[in-house]
Amino acid sequence: NARVNKIANIEAALGDASLLVGQQFDIIFANIQKNIVVRDLPVYNNVLKPGGQIFLSGFYKNDVPDVRNVAEELKLRQIGLQEKNNWVVNSYQKAAD
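So, here's what we can say about the structure. (Residues numbered from 1 in each chain as written. Predicted model: local features only at pLDDT ≥ 70, side-chain atom pairs only at ≥ 80, totals over all residues. Heavy atoms only, no water.)

Check the secondary structure of the protein and you find two helices and four strands. For the protein, the succession of helices and strands along the chain, N to C, is β-α-β-α-β-β. Relative to a compact globule of 97 residues, whose C-alpha radius of gyration would be 13 Å, the protein shows 13 Å and is just as compact. Going through the 97 residues of the protein one by one, you find that 31% of them count as buried. Considering only contacts within the protein whose residues lie at least 6 apart along the sequence, 64% involve residues at least 24 apart. Carbon and sulfur atoms form 50% of the exposed surface of the protein, whose accessible area is close to 6700 Å². The distance from the centre of the 11 positive side-chain charges to the centre of the 10 negative ones in the protein is 6 Å. (Helix = DSSP H or I, 4+ residues; strand = E, 2+ residues; numbered from the N terminus. Rg over C-alpha atoms; globule rule 2.2 N^0.38 Å. Buried < 20%, exposed > 50% of the residue type's maximum accessible area, 1.4 Å probe, protein only. Contact = heavy atoms within 4.5 Å. Areas by Shrake-Rupley, 256 points an atom, 1.4 Å probe, with all protein chains shown as cover. Lys, Arg positive; Asp, Glu negative; His and termini not counted. Charge placed at Lys NZ, Arg CZ, Asp CG, Glu CD.)

Here's what the structure looks like:
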């Protein structure tokens, strides 16, 4: 998709959250089912730069409270939530230093 849209400054990786360790990101997109999001959200938070945003999808509307609880424990602030056909994208921002 990045190639089709002629975007050169993006890197996609296929794998689990262990691929992210030791790196820092402005934006993270994770399209994964709820149990993995909940498990890996602390890793995402650790590699997300202050002020960075994370977009989570791949789970149902009724899973949002579980994801939100973990995000709030990590001090991530919800900045958006969209739902279509019971699927959601939930976005958060890490506090800037």
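There is more to say after this.
Bringing unusual backbone geometry into the picture now. In this structure, Asn85 is a non-glycine residue whose phi angle is positive, near 55°. Here Asn85 shows up in the loop between strand E3 (76–84) and strand E4 (87–94). Given the relative accessible area of 64%, Asn85 is considered exposed. Phi at Asn86 is positive, roughly 75°, even though this residue is not glycine. Turning to its location among the elements, Asn86 is positioned in the loop between E3 and E4. Looking at Asn86, the relative accessible area reads 36%, which means it is partly exposed.

The next subject is the packing of helix H1 (residues 34–47) against helix H2 (residues 64–73). Two packed helices can be described by the angle between their axes and the distance between those axes. Viewed as axis vectors pointing N to C, H1 and H2 meet at an angle of 5°, and their least axial separation amounts to 9 Å. Classified by the angle between their axes, H1 and H2 sit roughly parallel to one another. Each of Lys34, Val37, Val38 and Leu41 in H1 lies in contact with H2, whose residues at this interface are Asp66, Val67, Val70 and Ala71. Tallied by class, residues from the contact of H1 with H2 come to six nonpolar, no polar and two charged. (Axes fitted to C-alpha atoms, helices over the stretch in contact; angles between N-to-C directions. Parallel < 35°, antiparallel > 145°, perpendicular 65-115°, else oblique. Nonpolar A, V, L, I, M, F, W, Y, C, P; charged D, E, K, R; others polar.)

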